[in-house]
Amino acid sequence: MPTIPFTKMHGCGNDYIYVNAMQHPIADPCAAAIKWSDRHKGIGSDGLVLIGCSPVPEADFSMRIFNADGSEAMMCGNASRCIGKYLYEKGITGKTEIRLLTLSGIKTLLLHLSGSEVESVTVDMGEPILEDESQFVGNRGMSKGTFVSMGNPHYVIFTDDVDQVGETGRILEHHPAFPQRCNIEFAHIQPDGTVRTRVWERGSGITQACGTGACATAVAACLTGRAARTSLIVMDGGTLQIEWRETDNHVYMTGPATFVFDGEIEMT
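Cut-offs and rules
Residues numbered from 1 in each chain as written. Predicted model: local features only at pLDDT ≥ 70, side-chain atom pairs only at ≥ 80, totals over all residues. Heavy atoms only, no water. Helix = DSSP H or I, 4+ residues; strand = E, 2+ residues; numbered from the N terminus. Buried < 20%, exposed > 50% of the residue type's maximum accessible area, 1.4 Å probe, protein only. Contact = heavy atoms within 4.5 Å. Areas by Shrake-Rupley, 256 points an atom, 1.4 Å probe, with all protein chains shown as cover. Lys, Arg positive; Asp, Glu negative; His and termini not counted. Charge placed at Lys NZ, Arg CZ, Asp CG, Glu CD.

1. What to know about the overall build of the protein
Piece 1. When you go through the protein residue by residue, the secondary structure sums to 4 helices and 18 strands.
Piece 2. Projected onto its principal axes, the C-alpha positions of the protein cover 55 × 40 × 35 Å.
Piece 3. Taken over 268 residues, the protein has a buried fraction of 54%.
Piece 4. A sequence separation of at least 24 residues applies to 59% of the contacts in the protein between residues at least 6 apart.
Piece 5. When the accessible surface of the protein is totalled, it reaches about 11,400 Å², and 49% of it is carbon and sulfur.
Piece 6. Computed over 21 positive and 32 negative side-chain charges, the inter-centroid distance for the protein is 2 Å.

2. Considering the environment of Leu110
Piece 1. As for its placement among the helices and strands, Leu110 is situated in strand β7 (residues 105–114).
Piece 2. In this structure Leu110 comes out as partly exposed when scored by relative accessible area, which is 37%.
Piece 3. Considered as a pair, Leu110 and Phe147 are 37 residues apart in the sequence and their alpha carbons are 27 Å apart.
Piece 4. Sequence-distant contacts of Leu110, that is, excluding residues within four places in its chain, are made with Thr96, Glu97, Ser120, Val121 and Thr122.

Structure below.
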């Protein structure tokens, strides 16, 4: 039976299975994501990421990401950082500035090196898209929050109880206010000014971290006067630095990327 080589990586605990689809195309990535992501019967992950050639000259490579439930995501900040490290340290590119095509547009990755290793990656996540939060509250029976799109939808709720993520996040992901479902963040401003955040990711449930969620939380904190334009977002799996830059209105995310292990899995 044929096998597919893969690499397990994580960004602040947000773990994915990475496959070089330029060499090893996968015919049914939705089914593969469901099977391989199973933490008891598979490799175990928050989803599957395919690294491919870019079909357009404006980008160097492409990314497709499939959640643990098989649904395809628009973008993942933690996965994009891991792709930068993967491409550089496996010798696929020598560039330290990589243009990555995603379903939410082209993202620029800036690799920060320590010798021959990628120590951290800054991702230009583009401009946040803001909507009137009043359409999501009131008679819909939802906790008041702020809607921010980072190429994928996020609803950020500031609360003293971020641990309600499991109970409330599951409900809000499927709330009628979000016909395409939504990522839900529960955030609290800590005494030191950092933002403690827990995330319910659309299609994956509770995850250790979410890059786009950290960006959305930082934007929401700034919009509501809770934080400045640069903040540290502390999630279960680690901390990301987020800057919402005034000069271009883009959000920049900086954080680590980590190899876990390489392996091969049977295609069935």
